[in-house]
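Residue strings, one per chain:
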Amino acid sequence: MTIWFFVSCEKEFAPARLTEEIVIPYSIVSVVQNSSASEAIIEIKLPSNQTAGFKIELLSKSGSVISLKEGGNEAADRFDLMTFSTTQLIAGELYTVRLCYEDEQKNKITTSRYFTARQSANWKKLPHAPIVTGDFTGAALLSPLFNSQRVVYRYQDDSHWDILRFDGKWTSTESTLPVPRHNAIAFPLGQAGGRELVFVGFGYISDEKIPGKRAYLNDFWWLPSISYVGQYAGVILPSFTGLDRDLKIFLTFDKAFMLKEDFTGAMESIEVTWDRKDCKPLPEKTGKIAAFTIGEKGYVVNQLGGQSVHFYAYDSAKDQWEKKADFPGVVRTQGAGFSAKGKGYFGLGIDNDGNGLRDLWEYDPVGDTWVFHSEYPGAGNRYLISFSDKTKAYLGWGYETRPVNGSPARQQIGCTDFWEFNP
């Protein structure tokens, strides 16, 4: 039997109304190999001023201990970040980072992270998001029309959104518009004349008294631009119907296309003019899906039990689907899909056994081919936020599914590290 623990992390910020002490778990934040396959920088997070209450080891595939050099120590309000480095890795070899510590109840915790030594200079670490309660994921927006503004609707509590904006650092404001909910959908659509509208809504609310019970919402709202996020929201009528499960979307310039998971494959579009219509359905039922856009075509990864992972392209001008090369990685849920520089990317998530994954795969639409790209260097592996402009993508937050050595339990750690991906 698998046991799940949910633990929040990160520092307090102004909008949060907290009355109890926040517990910061020790965790492995990242393994970065920008310089070469033989070098790695390992970053760990620990409670403030508790730099002696843990042990970190780097092990080779044979179990030999590899020496680590201690680097800098960065202090924050609620936690510290420490770095360790090595130059003794062998390209292509598998390594284990092992972290041991005592938790608040004096339980001895040992958790590990595995990685293969390979250089990947595509990832740049950005500042952590200043969040400590609520969801460690959200509905991400990137405006290509207004200086690439980056905004996230993040569920803080039943009454408030935490609106986080990123311009090299995170700033936070509260909002109650629309009603806060988990797993909201948000996106911008372009208009003629260099304008845009922002749409937000759907998602679900939950009742802590009924674990696992979700009430899906069918309300959808509009804003005149990304600058109005958190300040205004007008409802779109008539309301949508039949929203009883999670939605995934892909966008063209002025349209959004919506598919429900674990459903018939039916697809509906909404235009920047609010006009809605039924589109040609996906050629098969949907399972767990991920979607992204390359140019004016939408792409959908469809994962149904008992079959290979299918992949389809949708031509919005012709309202036509085309089967593409199957995704070669393992079946997963709660993964991340996005695009950058004319190529698509899919990976991360958790496998059927509940193990966290960090593999990222690249799709080339010209050759209709998938190749392994890199391992995500950050902490999270499920429910990450992601958004992209024409040349770069941004990825982070989410939750880390991590094993605890000697136990059937897996911990869920809320994460706030954030990364720029430049393929």
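Right, let's walk through the structure included here. (Residues numbered from 1 in each chain as written. Predicted model: local features only at pLDDT ≥ 70, side-chain atom pairs only at ≥ 80, totals over all residues. Heavy atoms only, no water.)

Our next topic: the overall build of the protein chain. Counting secondary structure elements, the protein chain contains zero helices and 37 strands. On the principal axes, the C-alpha backbone points of the protein chain span a range of 60 × 50 × 45 Å. By the burial criterion, 52% of the 423 residues in the protein chain qualify as buried. Relative to all contacts within the protein chain whose residues are 6 or more apart in sequence, the contacts with residues 24 or more apart total 53%. (Helix = DSSP H or I, 4+ residues; strand = E, 2+ residues; numbered from the N terminus. Buried < 20%, exposed > 50% of the residue type's maximum accessible area, 1.4 Å probe, protein only. Contact = heavy atoms within 4.5 Å.)

All right, on to the pairing of strand S4 (residues 54-59) then. In terms of residue burial, S4 counts as a mostly covered element, since five of its six residues are buried. Pairing of S4 with strand S8 (residues 94-102) involves six bridges; the strand directions are antiparallel. Residue Phe-54 lies in a different strand from S8, and its bridge partner there is Tyr-101. Strand direction decides the pairing type here: S4 and strand S5 (residues 65-66), joined by two bridges, are antiparallel. Each bridged residue has a counterpart across the sheet, and for Leu-58 the counterpart in S5 is Ile-66. Counted between consecutive antiparallel strands, the loop separating S4 from S5 contains five residues, among which Gly-63 sits at a positive phi close to 100°. (Pairing = 2+ DSSP bridges.)

Overall, the coordinates contain 19 salt bridges when judged by the stated rule. Linking Lys-55 and Glu-57 is a salt bridge whose minimum nitrogen-to-oxygen distance equals 3.4 Å. Judged by its relative accessible area of 14%, Glu-57 falls in the buried class. Two residues, Arg-154 and Asp-162, come together in a salt bridge whose shortest N-O distance is 3.1 Å. Take Arg-154 and Asp-162: they sit in the same class, and that class is buried. One salt-bridge network, in which partners are shared between bridges, spans Lys-55, Glu-57 and Arg-98. (Salt bridge = Lys/Arg side-chain N within 4 Å of Asp/Glu carboxyl O.)

Turning to the nonpolar core, a few remarks are in order. Among the nonpolar cores identified, the biggest contains 22 residues, and Ile-44 and Phe-54 are the most heavily contacted of them. Elements with a minimum of two residues in this core: strand S2 (27-32), strand S3 (40-47), S4, strand S7 (79-86), S8 and strand S9 (108-116). If we skip the residues at most four places from it in the chain, Phe-54 touches Tyr-26, Ile-44, Leu-46, Met-82, Phe-84, Leu-99, Cys-100 and Tyr-101. (Core = buried A, V, L, I, M, F, W, Y, C linked by side-chain atoms within 4.5 Å.)

What follows deals with the sheet that holds S9. On the basis of which strands lie adjacent, the open sheet formed by four strands has the order S5-S4-S8-S9 and antiparallel pairing. If you trace the sheet from one side to the other, it starts and ends with S5 and S9, each paired once. The pairing of S8 with S9 spans nine bridges and is antiparallel. Of the residues in S9, the one forming a bridge with Glu-102 is Lys-108.

This part is about the pairing of strand S30 (residues 343-347). Among the five residues that make up S30, four are buried, leaving the element largely enclosed by the rest of the structure. Connecting strand S29 (residues 336-340) to the antiparallel partner S30 that follows it, the hairpin turn spans two residues, and Lys-341 within it adopts a positive phi of roughly 55°. Across four bridges, S30 lies against strand S31 (residues 359-364) in antiparallel orientation. Counterpart to Phe-346 in the pairing with S31 is Trp-361.

The antiparallel open sheet is built from four strands, whose spatial order is S15-S16-S19-S20. Both edges of this open sheet fall to strand S15 (185-191) and strand S20 (234-235), since each of them pairs with a single strand only.

Another point: empty space enclosed by the protein. Counted under the stated rule, the structure contains four cavities of 30 Å³ or more. Its boundaries defined by the atoms lining it, the largest cavity holds a volume of some 170 Å³. For the largest cavity, the lining is made up of 16 residues, of which Val-31, Gln-33, Arg-118, Glu-375 and Pro-377 are closest to its centre. Secondary structure elements with two or more residues in the lining of the largest cavity: S2, S9 and strand S32 (369-375). Each pocket or cavity is described by its volume, and for the second largest cavity that value is around 70 Å³. If you go around the second largest cavity, the residues you meet are Asn-183, Ile-185, Phe-202, Gly-203, Tyr-216, Leu-217, Leu-243, Arg-245, Asp-246 and Leu-247. Of the residues belonging to the lining of the second largest cavity, the class tally is six nonpolar, two polar and two charged. (1 Å grid on protein atoms, 1.4 Å probe; cavity = no way out; pocket = protein on both sides within 12 Å on 5 of 7 lines; lining within 4 Å. Points joined across faces, edges and corners; volume = space filled by probe spheres on them. Nonpolar A, V, L, I, M, F, W, Y, C, P; charged D, E, K, R; others polar.)

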